[in-house]
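# Results of the structural survey
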Amino acid sequence: MNRLQGKLVLITGASAGIGAACARAFAARGAHLLLSARRFSRLEALRDELQSAHETEVHIEKLDIRDRGGVESYVAHLLSQGRVPDILVNNAGLSRGLEPFHEGRVEDWEEMIDTNVKGLLYMSRAVLHLMVERNSGHVIHIGSTAGDIVYPGGNVYNATKFAVKALNQGMNLDVVGTRIRISSVDPGLVETEFSQVRFHGDEERAAGVYRGYTPLTADDVADVVCYVAGAPEHVNLMRTVVYPTDQRNPYVLHRETSTAG
Ligand SMILES: NC(=O)c1ccc[n+]([C@@H]2O[C@H](COP(=O)([O-])OP(=O)(O)OC[C@H]3O[C@@H](n4cnc5c(N)ncnc54)[C@H](OP(=O)(O)O)[C@@H]3O)[C@@H](O)[C@H]2O)c1
């Protein structure tokens, strides 16, 4: 049974990776989309692709999730058009650097905290209260196994994803008694642009992260997100952890060949 048909899904960070894959997966299941990210030309290309392949409405917005005023006016604008999302996928996020804490760059830390934590807070605050007013809705965070177990050099990125885990629990507690669901999908290693961003564009180092084993694809994660979103309304898959079979925790990874990264 397809419970996603006709749902309105807001996805942050939809210009690449898991967010773009979620857009494709929801569109294929008949959902309508509100897509945002900073790289607008990518959103335009994705909108054109989805609208020609599916009978779906796709609205795109250039939005930096760190911009609190921008997030609030975007959601207010959606509300004025009667577009209250049925599902919010809090996906926009990034890691920067893998240095030991004492060598870390404060600018990297601030970017991760501002995006992964504060951006998620701004969007969730703006959307969740509309959902509570309607007594209907589903927020799905893209957390990480980095929010479960700290790995060397992960320090501040781990802290941001631990924060997402805490917020997932906290939001769930605060909506008890409503029909709102709050969930988190927490992947291990997924091959996206994530490592290029982490290593500030060092493509060789980024490629090494995914060498010698089979990582998750963005589509694998999007399938899980759609499964979580498509469960019956009385079922809240509160936290779903998904690893590639070759990985059993953030640092126990089976590689056929030894690689850098
Ligand atoms: N890849 C992994 O191994 C992995 C594992 C576990 C969890 N995750 C999580 O999955 C989520 C998506 O990552 P990904 O792997 O798909 O990486 P990705 O390919 O680099 O995509 C990241 C997306 O986030 C958006 N984004 C980043 N900063 C933003 C900002 N300030 N405002 C708005 N959008 C922003 C990017 O769009 P623009 O640059 O166009 O703004 C892009 O669409 C993140 O939360 C990440 O922490 C990833």
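What comes next concerns the included structure. Remember, it's a predicted structure, so these values are computed and weren't measured experimentally. (Residues numbered from 1 in each chain as written. Predicted model: local features only at pLDDT ≥ 70, side-chain atom pairs only at ≥ 80, totals over all residues. Heavy atoms only, no water.)

Summed over all chains, the structure comprises 16 salt bridges. For the salt bridge of Asp48 with Arg47, the shortest nitrogen-to-oxygen distance reads 3.4 Å. Between Glu233 and Arg179 there is a salt bridge whose closest N-O contact spans 3.2 Å. Taken as a pair, Glu233 in the loop between helix 8 (218-230) and strand 9 (239-242) and Arg179 in the loop between helix 5 (155-174) and strand 6 (181-187) lie far apart in primary sequence, 54 residues in all. The network of salt bridges with shared partners includes Asp148, Lys165, Asp186 and Arg239. (Salt bridge = Lys/Arg side-chain N within 4 Å of Asp/Glu carboxyl O. Helix = DSSP H or I, 4+ residues; strand = E, 2+ residues; numbered from the N terminus.)

Another aspect to go through is the site of the ligand. Around the ligand, the surrounding shell holds 30 residues, and the nearest of these are Ser15, Ile18, Arg38, Tyr157 and Thr192. In the model, an oxygen atom of the ligand is placed 3.3 Å from a nitrogen or oxygen of the Ala16 main chain. Protein contacts shield 96% of the accessible area of the ligand, which totals 870 Å² for the unbound molecule. Elements with a contribution of two residues or more to the shell around the ligand: helix 1 (17-28), helix 5 and helix 6 (194-198). Among the residues making up the shell around the ligand, the classes are represented as 14 nonpolar, 10 polar and six charged. (Near = heavy atom within 4 Å. Polar contact = N/O pair within 3.5 Å; in protein donor to acceptor, adjacent residues only side chain to side chain. Areas by Shrake-Rupley, 256 points an atom, 1.4 Å probe, with all protein chains shown as cover. Nonpolar A, V, L, I, M, F, W, Y, C, P; charged D, E, K, R; others polar.)

Moving on, we get to the sheet that holds strand 4 (residues 87-90). The pairing of strands in a sheet happens through backbone hydrogen bonds and is either parallel or antiparallel. Reading across from one edge, 3-2-1-4-5-6-9 is the order of the seven strands in this open sheet, with parallel pairing throughout. Every interior strand has two partners, whereas the edge strands, strand 3 (58-62) and strand 9, have only one. Within this sheet the neighbouring strands show an average axis-to-axis angle of 15°, counted without direction. Two strands pair when backbone bridges link them, and strand 4 and strand 5 (residues 138-142) are joined in this way by four bridges, in the parallel orientation. Bridge assignment links Asn90 to a residue of strand 5, and that residue is His141. Helix 4 (residues 106-134) rests against strand 1 (8-12), strand 4, strand 5 and strand 6 of the sheet, and its axis sits at about 170° to strand 4. Contacts from helix 8 reach strand 4, strand 5, strand 6 and strand 9 within the one sheet, and its direction differs from that of strand 6 by about 160°. (Pairing = 2+ DSSP bridges. Axes fitted to C-alpha atoms, helices over the stretch in contact; angles between N-to-C directions. Contact = heavy atoms within 4.5 Å.)

For any two aromatic rings, the description comes down to two numbers: the centre-to-centre distance and the angle of the planes. A complete count under the given rule lists two aromatic pairs for this structure. With centroids separated by 4.7 Å and ring planes inclined at 20°, the aromatic side chains of Phe101 and Trp109 adopt a geometry described as stacked. For Phe101, a relative accessible area of 49% puts it in the partly exposed group. Trp109 gets classed as buried once you look at its relative accessible area, which sits at 18%. Residue placement shows Lys165 over the ring face of Phe162; its charged tip is 5.2 Å from the ring centre. One Lys or Arg, Arg198, reaches over the ring of Tyr157 and ends 5.3 Å from the middle of that ring. (Phe/Tyr/Trp six-rings, centres within 6.5 Å; stacked < 30°, edge-to-face > 60°. Buried < 20%, exposed > 50% of the residue type's maximum accessible area, 1.4 Å probe, protein only. Lys NZ or Arg CZ within 6 Å of the ring centre and 35° of its normal.)

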